[in-house]
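Descriptive analysis of the structure
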Amino acid sequence: MLDEYIAELRSLQARRRPDGISGTVVYPAGEITIPGHISHWASAHGDSTALVFEGRSHSYAEIDEAHRRLAGWMSANGVGRGDRVAVYLGNSPVFVVAFLAILRLGAVHVPVNPMFASAELVHELRDSEPVLVVTRSELAANLDRIADRLDVTPKTLAVDAQWSEALAHEPYGADDGDLDGLAALNYTGGTTGLPKGCRHSQRHMLYTAASTATATALPVGPGFTSLCFLPVFWIAGEDLGILIPFVLGGTSVILARWNADTVLDAIETHRVSLVVGTVENYLELMARDDIGRRDLSSLTDPQAVSFVRKLTPQVRADWARTTNSGAVLRECSYGMTETHTFDCVPYGFSSGDEDLLAEPVFTGLPVPGTDIAVVEFGTETPLPLGEVGEIIVRSPSVTDGYWRNPAATAEQLVDGWIHTGDNGRFDEHGFLHYLGRRKEMIKVKGMSVFPAEIEMLLASHPRVESVAVVPVDDPDSGQRPVAFVTPSDGEDVTAEELADWSRENMAVYKVPLIKIVGSLPMTDTGKVRKHELADDAASLDRH
């Protein structure tokens, strides 16, 4: 039954796939390891720029030699195939070189957030048990403070003190990486519970980069440049700042953090093609007096992530009006850490704002090679087009499972399908619409209310900046939605006004209780801490 359903979906989706977009993944350098790509491009165009950081450019030849030398040092210090190596650093060339060296040895990359406090650090290091931590001296002091809470004490490479020594080592000649072997533990970042280590291989990485490039018509070679200010210890930052540009043989411009001046200078100087930022980032750029004079003509694919503020037709129109980029601002993608993040993209559907005017949240078509189904929760029984159920994903980048957590693996990974826990539906064209997490779904007198829909509708109000919706128990209806709203800058809007507006624009059972707030509580990955809002919602006056 599921096979027939997928065949029907593929047929529908093929009819709407944008012109010029292949339905088959293209691998520009073949199916070789990620370090193998560095060596390939070093041989093909070694003098071209691979990486830019803080004004300094590094060629493919330089990155190839540096990561081989670091791999040699690591090998001499006991790192081998299957050993975990934690990289406890922020965005920097050192992070990138360490990532490549680890993969060349067939070891396992464990990115660790440098902002972690002790308990978070203890959890990930106890769980992954790295033999080596690549870090800076100031962060190494944090390791010393938790040493007695670890079962295994790793060696450390303090890059500010030992980097020259490491890069003086003889280069590692072999490539011991296996496309299908364990290559990374990417820890999930949720709003509750301890993170789980998603097992990923180099094939997962390669497929993600190649399928994303295929689905969004990214060019191959030195003419392509991506700009990444997302943390590269996040899997999305790894994709944008390392994997996509290096698989394509292009240039990665990495910034330590978001800064509007630095971003604009980088786009102009390095002729950036691709950038991903939050809607708030783009609004900040548009608010600048000089934005119309900045040369953004190289941007072919500016992408927005809607964590809090939503991308609306008005925001898109303002971007076109205020900048000279000539490219349409679009939503990024649907995905999760378990799938390496890029599963479904809305690329090619911005004409007439089709993507933004569709029922929320329009995520477009699966990338080539990925299958997505909407099924009954708890089963793999597919649901008819238009019906809401659980989104499940099958692709060459789905995690092999959770590290040392067979119970969670068995619960979420069934017959090669990852059960996302997300609500969604397919429309008559085979486009996927995301409707939020299952645990966030609200039942009002038996009717299903999806927070994402209310959030998108309220965000369209001209005086609303951001919205987060959570449920609250109600003696009459079972549950009611509660919307926490931040007004736009300089705007004065009341909860009563928004409630009246909601009654005019939503079905009666969807109309939320509304609380005006100055800001929303956020996780360090940019998501709203809805469990905190749920506590506030419980204390609201229901009348």
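Scroll up for the structure.
Along each chain, residue indices are assigned from 1 in the same order as the chain's sequence is written. Restriction of local features to residues with pLDDT of at least 70 applies here, the model being predicted, together with a cutoff of 80 or more for giving and counting side-chain atom pairs; totals for whole chains, interfaces and linings are based on all residues. The side-chain numbers reported here are obtained from all heavy atoms of the structure, hydrogens and water having been left aside.

1. A look at empty space enclosed by the protein
Whether a set of points on the 1 Å grid over the protein atoms alone is a cavity depends on a 1.4 Å probe fitting there but being unable to get out, while an open set qualifies as a pocket with protein on both sides within 12 Å along at least five of seven lines; lining residues are those with an atom within 4 Å of a point. Grid points are joined across faces, edges and corners, and a volume is the space filled by probe spheres set on the points. Enumeration over the complete set of coordinates arrives at five cavities of 30 Å³ or more. One number sums up the size of the largest cavity: a volume of about 80 Å³. If you go around the largest cavity, the residues you meet are Leu-311, Glu-331, Pro-346, Asp-355, Leu-356, Ala-358, Pro-360, Val-361, Phe-362 and Met-456. Across the lining of the largest cavity, the residue classes break down as eight nonpolar, no polar and two charged. Just so you know the grouping, Ala, Val, Leu, Ile, Met, Phe, Trp, Tyr, Cys and Pro go in nonpolar, Asp, Glu, Lys and Arg go in charged, and all remaining residues, Gly too, go in polar.

2. Digging into the nonpolar core
Throughout this description, the term nonpolar core refers to a set of buried Ala, Val, Leu, Ile, Met, Phe, Trp, Tyr and Cys residues connected via side-chain atoms within 4.5 Å. Remark: exposure states derive from per-residue accessible area (1.4 Å probe, protein chains only) relative to the maximum for the residue type, with buried under 20%, exposed over 50%, and partly exposed in between. Ranked by size, the top nonpolar core spans 65 residues in total, and within it Ile-34, Leu-70, Met-74 and Val-134 carry the most contacts. Those residues in contact with Met-74 that sit more than four places away from it in its chain are Val-79, Val-85, Ala-98, Ala-101, Ile-102, Leu-105, Leu-132 and Val-134. Formed by 25 residues, the second largest nonpolar core is a distinct cluster that contains Val-52, Val-253, Val-263 and Ile-267. Contacts: residue pairs with any heavy atoms within 4.5 Å of one another.

3. Some thoughts on the sheet that holds strand E10 (residues 251-254)
The strands making up a sheet are joined through hydrogen bonds of the backbone, oriented either antiparallel or parallel. Pairing between two strands requires that DSSP report at least two bridges joining them. Each helix is a run of DSSP H or I of at least 4 residues and each strand a run of E of at least 2, with the numbering of both proceeding from the N terminus. The seven strands lie next to each other as E2-E1-E10-E9-E11-E12-E13, forming an open sheet whose pairing is mixed. A single partner strand is all that each edge strand has here, and the edge strands are strand E2 (56-59) and strand E13 (330-331). Here four bridges tie strand E1 (residues 49-53) to E2, and the two strands are oriented antiparallel to one another. Within E2, the residue paired with Leu-51 across the bridge is His-58. Across the sheet, helix H9 (residues 235-248) lies against E1, strand E9 (225-228), E10 and strand E11 (274-278), angled at about 160° from E9, the strand it touches most. Note on definitions: angles span 0 to 180 degrees between N-to-C directions of axes, and those axes are lines fitted to C-alpha atoms, for helices only across the stretch in contact.

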